[in-house]
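Architecture and fold: a report
Chain by chain, the residues run as shown.
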Amino acid sequence: MNKFPDKDRARSLMQNSIRDMKYTLTLNISEESANTIVRNIYESFRMLGEAILLKKGIRPIDHINSIDEILKLELKTSKPLNILENLRRLRHNINYYGYKANIYDAKESISFAKNCFNELLKKINKIIEN
């Protein structure tokens, strides 16, 4: 559904994404924290995708729309952005099928975030501010 572009809400989502990512990266990696780490990292990326949609005046229908906005960006990162789709499925399995993320899942999510989040953030900030 289309509506008017909402630059302020897009900025707010971007700031929440940054805050959540910073916090998540301070968590100790353990079997107990793995689900939280994976979910929070995914949500931080999803919020960035939703911010793009809001800037365009589009209300996201589901998470896939938000992730697709990120995947459409022409951005070179040290890890492929399509890893986000794997992260989306992992988070979905945690939330809806009782999957228990493990230390490997958490470490991979953190590695992806550390390699891609800031570059993506710079690109999305330009989109929102223009």
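Residues numbered from 1 in each chain as written. Predicted model: local features only at pLDDT ≥ 70, side-chain atom pairs only at ≥ 80, totals over all residues. Heavy atoms only, no water.

Remarks on the overall build of the protein chain
Where we set the bar: Think of it this way: any DSSP run of H or I at least four residues long counts as a helix, any run of E at least two long counts as a strand, and we number them from the N terminus. In this treatment the radius of gyration is a C-alpha quantity, and the globule benchmark scales as 2.2 Å times the residue count to the 0.38 power. Each accessible area is a Shrake-Rupley estimate made with a 1.4 Å probe; only the visible protein chains count as cover when residues are assessed.
Secondary structure assignment for the protein chain yields five helices and zero strands. Its helices and strands taken in sequence order, the protein chain reads α-α-α-α-α from the N to the C terminus. Taken over C-alpha atoms, the radius of gyration comes to 14 Å for the protein chain, in line with the 14 Å a tight globule of 130 residues would show. With the C-alpha coordinates of the protein chain rotated into their principal frame, the extents come out at 45 × 30 × 25 Å. Total accessible area on the protein chain is roughly 7300 Å²; 50% of this is exposed by carbon and sulfur atoms.

Regarding the packing of helix H2 (residues 34–56) against helix H4 (residues 83–97)
The description of two packed helices rests on the angle between their axes and on the distance between the axes. Keep this limit in mind: Angles run from 0 to 180 degrees between N-to-C directions of axes, and those axes are lines fitted to C-alpha atoms, restricted for helices to the stretch in contact. The labels follow the angle: roughly parallel below 35 degrees, roughly antiparallel above 145, roughly perpendicular from 65 to 115, and oblique for the rest. Crossing handedness is defined as follows: a turn of the near helix away from the far one that is anticlockwise and smaller than a right angle gives a left-handed crossing, while the clockwise case is right-handed. Contact between two residues is taken to exist if any of their heavy atoms lie within 4.5 Å; hydrogens are not considered. As a working rule, the residues Ala, Val, Leu, Ile, Met, Phe, Trp, Tyr, Cys and Pro are called nonpolar, Asp, Glu, Lys and Arg charged, and the rest polar, with Gly in that last group.
Viewed as axis vectors pointing N to C, H2 and H4 meet at an angle of 130°, and their least axial separation amounts to 9 Å. As judged from the angle between their axes, H2 and H4 are oblique. Pair H2 / H4 crosses with left-handed handedness. Residue-level contacts link Asn35, Val38, Arg39, Ile41, Tyr42, Glu43 and Phe45 of H2 to Leu84, Leu87, Arg88, Leu90, Arg91, Ile94 and Asn95 of H4. Of the residues in the contact of H2 with H4, the class split is eight nonpolar, two polar and four charged.

So, the packing of aromatic side chains
Basically, it comes down to this: Between 30 and 60 degrees the pair is tilted, below 30 it is stacked and above 60 it is edge-to-face, where a pair is any two Phe, Tyr or Trp rings, Trp via its six-membered ring, whose centres lie within 6.5 Å. Partly exposed residues are those whose accessible area sits between 20% and 50% of the maximum for their type, while under 20% is buried and over 50% is exposed, using a 1.4 Å probe and protein chains only.
If you walk through the whole model with that rule in mind, you get two aromatic pairs. Measuring from ring centre to ring centre gives 5.0 Å for Phe45 and Phe112, while their planes differ by 40°; the resulting arrangement is tilted. Of this pair, Phe45 sits in helix H2 while Phe112 sits in helix H5 (residues 103–129), and the two are 67 residues apart along the sequence. Phe45 gets classed as buried once you look at its relative accessible area, which sits at 0%. By relative accessible area, Phe112 is classed as buried at 2%. Relative to Phe117, the ring of Phe45 lies with its centre 5.4 Å away and its plane at 85°, an arrangement referred to as edge-to-face. Highlighted residues: Phe45 in helix H2 and Phe117 in helix H5, separated in sequence by 72 residues. With respect to burial, Phe45 and Phe117 carry one shared label: buried. These aromatic residues form a ring-pair network of at least three members: Phe45, Phe112 and Phe117.

Considerations on the layout of surface pockets
Applicable threshold: Only protein atoms enter the calculation, which uses a 1 Å grid: trapped sets of points that fit a 1.4 Å probe without letting it out are cavities, open sets showing protein on both sides within 12 Å along at least five of seven lines are pockets, and any residue with an atom within 4 Å of a point is a lining residue. Grid points are joined across faces, edges and corners, and a volume is the space filled by probe spheres set on the points.
Roughly 210 Å³ of internal volume is contained in the largest pocket. Forming the boundary of the largest pocket are Lys79, Ile83, Asn86, Leu87, Leu90, Tyr104, Asp105, Glu108, Ser109 and Phe112. Elements with a contribution of two residues or more to the lining of the largest pocket: H4 and H5. Per element, the largest residue contribution to the lining of the largest pocket is five residues, and it comes from H5.

Things to note about the pattern of salt bridges
Pairs can form between side chains of opposite charge once their charged atoms are near each other. To keep it simple, the criterion reads: Salt bridges are defined as contacts in which a side-chain nitrogen from Lys or Arg sits within 4 Å of a carboxyl oxygen from Asp or Glu.
Considering all chains together, one arrives at 12 salt bridges under this definition. Note that Arg11 is salt-bridged to Glu129, the shortest N-O span being 2.8 Å. Placement of the pair is Arg11 in helix H1 (residues 7–24) and Glu129 in helix H5, with a sequence separation of 118 residues. By relative accessible area, which is 32% here, Glu129 ends up partly exposed. Taken together, the shared-partner salt bridges in this structure form one network comprising Arg9, Glu43, Arg46, Glu50 and Arg91.

Spatial relationships are all this shows, so hold off on functional conclusions.
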